[in-house]
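Survey of secondary and tertiary structure
Below, each chain spelled out in residue letters.
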Amino acid sequence: MAGVRGLGLLSRLTVRQRYSLFTDASRRNFSVTSSLMARTHVNYEIKGDVAVIRINDPTSKVNTLSVHMQKEMTEIMDEIWANNAITSAVLISSKPGCFIAGADINMIQACKSTEEVTNLSQEGQKMFEKIEKSPKPVIAAINGSCLGGGLELAIACQYRVATKNKKTVLGTPEVLLGLLPGAGGTQRLPKMIGLPGAFDMMLTGRNIRSDKAKKMGLVHQLVDTLGPGLKSPEERTIEYLEEIAVDCARGIVNKKIPLAKEKSMMQKIQDYIMSYPFVRNQIYSTVQKKVMKQTKGLYPAPLKIIECVKAGMEQGLDAGYLAESQNFGKLAMTSESRALIGLYHGQVACKKNRFGVPKKDVKTLAILGAGLMGAGIAQVSVDKGINTILKDTTLEGLNRGQQQVYKGLNDKTKKKSITSFERDSTLSSLTGQLDYSGFQKADMVIEAVFEDIAIKHKVLREVEAVTSPECIFASNTSALPIKDIAAASTRPEKVVGMHYFSPVDKMQLLEIITTDKTSKDTTASAVAVGLKQGKIIIVVGDGPGFYTTRCLAPMLAEAVRVLQEGVDPKKLDSLTTGFGFPVGAATLADEVGIDVAAHVAEDLGKAFGSRFGGGDPELLKTMVEKGFKGRKSGKGCYLYQPGLKHKDVNPELEEILELYKMTPNPAVSSDSDVQYRLVSRFVNEAVLCLQEGILANPVEGDIGAVFGLGFPPCLGGPFRFVDTFGADKLVEKMRRFEEVYGNQFTPCSLLLDHAKDPSKKFHK
Amino acid sequence: MNSLRTCPVNSSRALQFATWALSASAPLQAQAKSKKTLSKPGVRNVVLVEGVRTPFLQAGTTYADLMAHDLARGALQGLLNRTAFPKEAVDYIVYGTVIQEVKTSNVAREAALGAGFSDKTPAHTVTMACISSNQAMTTAVGLVASGQCDAVVAGGVEFMSDVPIRHSRKMRKMMLSLNRARTLGARLSLLGSLRLSHLVPELPAVSEFSTAEMMGHSADRLAAAFGISRLDQDEFALRSHVLAKKAQDEGLLTDIVDFKVPGKDIVSKDNGIRPSTMEQMSKLKPAFIKPHGTVTAANSSYLTDGASAVLIMSEEKALAMGYKPKAYLSDSFSDFLFHGKLTKMRCVSFSPTYAIPKVLERSGLTLADIDAFEFHEAFAGQVLANLTAMESDWFAQNCMGRKAKVGAPPMEKFNLWGGSLSLGHPFAATGCRLVTMVAHRLKKEGGQYGLVAACAAGGQGHAMLVEACPQ
């Protein structure tokens, strides 16, 4: 599910909406009553000959470039330019942890047409250009996130000072929202840090820590963060940053600090090579090819970014600015951008605990089973300072699990995101053991033992015998109904499902399952733990397969049928990835494990009957019997050889497929039909989950499908897909498949309702 | 007055109290003390009989060709010579060191034997960064107070002219495997794995292991956190040098014992005391945080070679043997301030602020009772930050969980004979220098209570109360 991880970047995005309409209205009232009234978002103070401009959005935890803020900023800049006593300016945020987190998304979403957005972009371009050409040097003093529009503002300044801090990150995450840096970013970045670096930043949208930014030439000077002095560390650090920035401003005015940096030999060589149009063209086409390979052309934003950079570099700045603003306008109106922004909002919503604050904080967590999942859960828990007991039944199993946790943390040390000391002190909160000692102190027990109801019942009874009555029992099962597990419990209100996804440290989703007996406080506690572990959380009702597994099962059943109809696994993969899934269906089956898939198919087949049919379940069983359990066993649909990235189709699979061969019906076997057969079953099941009340709302449905199962992010999730694609068109396709395959393709009644009435939408 | 003490051998303290009561003319005693003495009922009085040190020299100068235990021997021998103490009467030796010479890992034992102490006297080495000899003294005080020993020698040595530089881990591993390789073929194949990168040497860590931060870097951040300016730091450093020079010229640094360097001269003076001018100091560039830092070579302590030793005894035994003890070593406290989250925020150099109130509260004294302060000066910025913090209610309330500030020592009682910035700072030898110096100052200035405080890497600090013995 590697591809889904890319989307994980979204989570680091901190662009936040400004809420309430009426704060805006009240502000307007203010400005009417008195134009001299103090500004609310931006203010400045003159320190000697330096103007210190302080940004602070009073309505939000983060600063965003809203219309209001831009207006005040423009006014202030005009005053500074007009004031002869001022020779330079420092731009700083009063908020700890945030310089400017980007443009106001709602401002962009509120626009109705391409022209409107283009206009917004052009205004931004003009303002930043004025700052860039300012006769009085402007210094950006950066502490905290400096992203999107914030970064574009910072790079328009003459000089940048940033704090050395994990929270101080610079980046252009627009691409993750299906947009591009629309206020001069595509023009300034390549000139500042070179084409390869700029493409890397703008196309991946990744955050860059300040020390790296200094190496790249994105900031000029770093300032250390301070501990508590006579004020809190945060306050004092901002003050210190301001002091240094003011000194820099004076230094630049006195010509003591040169603005043009001495270029290194490497840079000179790079510049020389880049001066050849041939080389540049080579870069454009390489990057373009790479983007096409990775996105299958489903995401327009990266291609537009390349286009804008190219226009600016080859045809001059004016052409560049024009291309940037026009493409920005176009992108903002695309369904892909809407889908990605929708996911962003959904993700923010799923990072909140809608069940309130639990009565008791989970301080000690016990995990049963040190397998892949158990150890993964342990890793994300100790990482956030939760005392964790990892229990297994065998010493070998425990050793493997502890090694996994160690490796996970050690990899972070190797990447230098934590020090070896932090690794060691983090690991000190992990206790590995084979017995139940210390369980009386556990506030929550998560079991990750083998998926067998008898074993689950056994550990549940054992746990309840040794834990306190307040202790919560959470089951990490992917398909067994929680109420069946809770049947063995003496305190079913304390039983909840917590379905993690593998690999736990990489996959962001956590699906929490509640039964009708689960108490609200238990749910709140489970959500709180998940949030602490850094997860995006959906809370769903109980039932076979809950939400995620239930949606995936029919799609995999269909995939098996497609294989039986003679489509080779590679072709199946390319069809699914071509639709936007980050991982192909055959590869996904290998990743999940053929044995797990067979197990789930059987369980859900029993529960839902023929509707979950499709491929022959015996095929999977035969594969398991032959030892083709997927990646973990080295053989599945593909052959896996350690050290080899390239994988070949498992030749023995063909023999098995030969045994189970089915004849395809040409009426529903075109490439596109195969894609829609796979997707429509997924989507139909998702809508059915909403209809049956398993899902609380479509937002969680979309988030669960995208972050847990890799549903194409460009489509925004099954519900947004129905909205965009049209329920009627989907139903029409399904009816055609229904004729051939029967009830597996019967649209559910909610979907039919939406098909009948086009005004009905899942997302407003 | 006798009701105050149950300890029988305390007669001298009674005398002492009487002297103080009488000598009201001395300005320092004008103030009434919160407590008449720190003597505790039922606990043996522990005294500092004598303290000596070798001259402290900048690393790489006259001591350059010696080894750590040579300097330690010098200090130990000097102590014996000065006190004429019978060697066999020493019950125990505790010695501190920070950067270890691998050949003499228990430097206490090597130096003691070399200095002619009895081979029946056990000796151990302690290490606790810059407060190693403070810890050695604390251990000695404990041994005497508990009645296990009557006379203990404590001290510390640091030798920065030579530090262990190791082969890289890869090289070491290869060399160790080579030892075990039996056949020529095995040896040759091991040698074949030798790469150029194996030859890169490993220097002793300049940064702290757990925080990966250099001491000077941390001090600079600490100074910035408290808004200590470059000017303040330079002025404080200059003060240290000027006062040290004055003390040196007036012959107050009597703890120094001459050291004969084989093949070279006899050294009898510290060589790092160099009062400069503010102009010259202001020209220096920041040493750690560039370009805007404030800690420079001139306002930091420098790498120093040196050793020190003190003789700590029970008062009873000291008097019986005819010694005139210098001071009571009353209460000593090593505080620990280390926090996973805080390490990067404020690590070294800061703990005196935490240790001082604890040691004062435990003894029932207030800051106003103290007549002489001896603080270790690692960096001017660090000392000033500590003083500022002690003066801050905000800091006391938000960072120390106290109701109000402790208050900072008045400068007219503070490090009047120079400090580590000027005299030098051989890491493990500084603690004994501080205690001996405060005892000498109390004697010279006629004060009663002295307070010693020092900080160390790892976020640890040490504070000790010293009470003058009757003259």
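Residues numbered from 1 in each chain as written. Chains lettered and ligands numbered in written order. Predicted model: local features only at pLDDT ≥ 70, side-chain atom pairs only at ≥ 80, totals over all residues. Heavy atoms only, no water.

What about the overall build of chain B?
Along chain B, the regular secondary structure elements total 15 helices and twelve strands. Scored against the burial criterion, the 471 residues of chain B give a buried share of 56%. Contacts in chain B between residues far apart in sequence, at least 24 positions, make up 81% of those at least 6 positions apart. Accessible surface, chain B as shown: approximately 19,300 Å² in total, 58% of it carbon and sulfur. (Helix = DSSP H or I, 4+ residues; strand = E, 2+ residues; numbered from the N terminus. Buried < 20%, exposed > 50% of the residue type's maximum accessible area, 1.4 Å probe, protein only. Contact = heavy atoms within 4.5 Å. Areas by Shrake-Rupley, 256 points an atom, 1.4 Å probe, with all protein chains shown as cover.)

Section: helix H32 (residues 749-756) of chain A
An α-helical turn contains 3.6 residues, so a residue and the one three or four places further along point in the same direction. All names here are of chain A. Residues Leu-750, Leu-751, His-754 and Ala-755 constitute the buried set of H32. For H32, the arc enclosing every buried residue in end-on projection is 145°, short of the 170-degree limit, so these residues lie on one face. Buried residues along H32 sit against helix H28 (671-691), helix H30 (718-725) and helix H31 (727-741). (Arc of directions from axis to C-beta.)

A look at the packing of helix H22 (residues 548-564) of chain A against H28 of chain A
Residue and element names in this part refer to chain A. Orientation of H22 relative to H28, taken along the N-to-C sense of each, is 160°, at an axis distance of 8 Å. As summarised for this structure, H22 and H28 are arranged roughly antiparallel, according to the angle between their axes. H22 and H28 meet at a crossing whose hand is right-handed. In this structure, H22 uses Arg-550, Cys-551, Pro-554, Met-555, Ala-557, Glu-558, Ala-559, Arg-561 and Val-562 to contact H28, whose residues at the interface are Val-674, Arg-677, Leu-678, Arg-681, Phe-682, Glu-685, Ala-686, Leu-688 and Cys-689. Among the residues making up the contact of H22 with H28, the classes are represented as twelve nonpolar, no polar and six charged. (Axes fitted to C-alpha atoms, helices over the stretch in contact; angles between N-to-C directions. Parallel < 35°, antiparallel > 145°, perpendicular 65-115°, else oblique. Left-handed = near helix turned anticlockwise from the far one by under 90°. Nonpolar A, V, L, I, M, F, W, Y, C, P; charged D, E, K, R; others polar.)

Looking at the UniProt feature "domain: 3-hydroxyacyl-CoA dehydrogenase C-terminal" (unreviewed entry) in chain A
Residue and element names in this part refer to chain A. According to UniProt, the feature "domain: 3-hydroxyacyl-CoA dehydrogenase C-terminal" (unreviewed entry) maps to residues 545-640 and 677-755 in the numbering used here. Across residues 545-640, the secondary structure splits into 62% helix and 2% strand, with the terminal C-alpha atoms separated by 29 Å. Secondary structure content for residues 677-755 is 72% helix and 0% strand, while the C-alpha to C-alpha distance between its ends is 18 Å. (UniProt positions renumbered as here; feature names shortened; annotations may be inferred.)

So, the interface of chain A and chain B
On the side of chain B, 19 residues touch chain A, which itself brings 19 residues to the contact. It is Pro-228, Leu-230 and Phe-421 of chain A that lose the most area in chain A upon contact with chain B, and together they represent 36% of the buried surface on that side. Counting across the interface, chain A meets chain B through zero salt bridges. Joining chain A to chain B, the criterion identifies five residue pairs in polar contact (both at pLDDT 80 or more). Contributing elements (two or more residues each) for the side of chain A that touches chain B: strand E10 (221-224) and helix H10 (233-253) of chain A. Here the residues of the side of chain A that touches chain B are counted per class, giving nine nonpolar, six polar and four charged. (Buried area = accessible area lost by both parts, 1.4 Å probe. Salt bridge = Lys/Arg side-chain N within 4 Å of Asp/Glu carboxyl O. Polar contact = N/O pair within 3.5 Å; in protein donor to acceptor, adjacent residues only side chain to side chain.)

A short note on the pairing of strand E11 (residues 364-368) of chain A
Residue and element names in this part refer to chain A. Burial runs high along E11: five of the five residues are buried. Residues of E11 alternate between two faces, with Thr-364, Ala-366 and Leu-368 on one and Leu-365 and Ile-367 on the opposite face, all of them buried. In this structure, E11 lies alongside strand E12 (residues 387-391), joined through five bridges in parallel fashion. When the sheet's bridge partners are listed, Thr-364 is paired in E12 with Asn-387. The β-α-β motif built from E11, the intervening helix H16 (residues 372-382) and the parallel element E12 has right-handed crossover chirality. The sheet contact formed by E11 and strand E14 (residues 444-447) spans four bridges and is parallel. In the sheet register, Leu-368 faces E14, and the bridge partner there is Glu-447. (Pairing = 2+ DSSP bridges. Right-handed = clockwise from strand over helix to strand, strands pointing away.)

Regarding the packing of aromatic side chains
To describe a pair of aromatic rings, one takes the distance between the centres and the angle between the planes. Under the criterion given, the structure shown has 23 aromatic pairs over all chains. On the numbers, 5.1 Å between centres and 20° between planes, the contact of Phe-721 of chain A with Phe-725 of chain A is stacked. Residue Phe-721 of chain A and its partner Phe-725 of chain A are both found in helix H30; the two are separated by four residues, about one turn of the helix. Residues Phe-721 of chain A and Phe-725 of chain A agree in their burial class; the two are buried. Here the aromatic residues Phe-579, Phe-581, Tyr-676, Phe-682, Phe-711, Phe-721 and Phe-725 of chain A are joined through ring pairs into a cluster of three or more. The ring of Tyr-741 of chain A has Arg-561 of chain A sitting right over it, with the charged end atom 3.8 Å from the ring centre. We note Arg-53 of chain B situated over the ring of Phe-56 of chain B; from NZ or CZ to the ring centre the distance is 4.4 Å. (Phe/Tyr/Trp six-rings, centres within 6.5 Å; stacked < 30°, edge-to-face > 60°. Lys NZ or Arg CZ within 6 Å of the ring centre and 35° of its normal.)

A look at helix H11 (residues 352-363) of chain B
Residue and element names in this part refer to chain B. In this model H11 runs 16 Å from its N-terminal to its C-terminal C-alpha over twelve residues, within 8% of the 16 Å that 1.5 Å per residue would give. For H11, a buried count of nine out of twelve residues is recorded, marking the element as mostly surrounded by other parts of the structure. Listed in full, the buried residues belonging to H11 are Pro-352, Thr-353, Tyr-354, Ala-355, Ile-356, Pro-357, Val-359, Leu-360 and Ser-363. Note on H11: the residue one or two positions beyond its end, Gly-364, has a positive phi of about 80°. (Expected span 1.5 Å × (residues − 1).)

Observations regarding the pattern of salt bridges
Residue and element names in this part refer to chain A. According to the stated counting rule, one finds 63 salt bridges over all chains in the structure shown. Residues Glu-558 and Arg-561 are paired through a salt bridge, measuring 2.7 Å at the closest nitrogen-oxygen approach. With a gap of three residues between them, Glu-558 and Arg-561 both fall in helix H22, about one helical turn apart. Residue classification places Glu-558 among the buried residues on the basis of a relative accessible area of 0%. Through salt bridges that share partners, Glu-558, Arg-561, Glu-565, Arg-677 and Arg-681 make up one connected network.

Points about the UniProt feature "active site" (unreviewed entry) in chain A
Residue and element names in this part refer to chain A. The feature "active site" (unreviewed entry), as annotated in UniProt, sits at Glu-511 in this numbering. Mapped onto the fold, Glu-511 is located in strand E17 (residues 509-514). Looking at Glu-511, the relative accessible area reads 0%, which means it is buried. Contacts of Glu-511, omitting those with residues within four sequence positions, involve Gly-497, Met-498, His-499, Phe-501, Ile-538, Val-540, Phe-546, Tyr-547 and Thr-548. A polar atom in the side chain of Glu-511 sits 3.0 Å from the backbone nitrogen of Tyr-547.

Some thoughts on the domain arrangement of chain A
Where interface size is given, it is often the accessible area lost as the parts come together that is meant. With domains assigned, chain A is organised as domain 1 (42-258 + 265-333), domain 2 (364-543) and domain 3 (548-756). Spacing between the C-alpha centres of domain 1 of chain A and domain 2 of chain A amounts to 42 Å. (Domains from an automatic or database assignment.)

Some words on the environment of Phe-546 of chain A
All names here are of chain A. Its location among the elements puts Phe-546 in the loop between strand E18 (536-541) and H22. Accessibility expressed as a relative area gives 0% for Phe-546, which makes it buried. Residues Phe-546 and Leu-189, 357 residues apart in the sequence, show an inter-C-alpha distance of 46 Å.

Considering unusual backbone geometry
Backbone torsion omega between Ser-502 of chain A and Pro-503 of chain A reads -10°, so that peptide bond is classified as cis. At Phe-546 of chain A, a residue that is not glycine, the phi angle is positive and equals roughly 45°.

Description of the environment of Glu-493 of chain A
Residue and element names in this part refer to chain A. Take Glu-493: it is sitting in the loop between helix H20 (482-486) and strand E16 (495-500). As a C-alpha pair, Glu-493 and Thr-522 span 29 residues in sequence and 7.3 Å in three-dimensional space. Apart from the residues lying within four places of it in its own chain, the contact partners of Glu-493 are Lys-517, Thr-518, Ser-519 and Thr-522.

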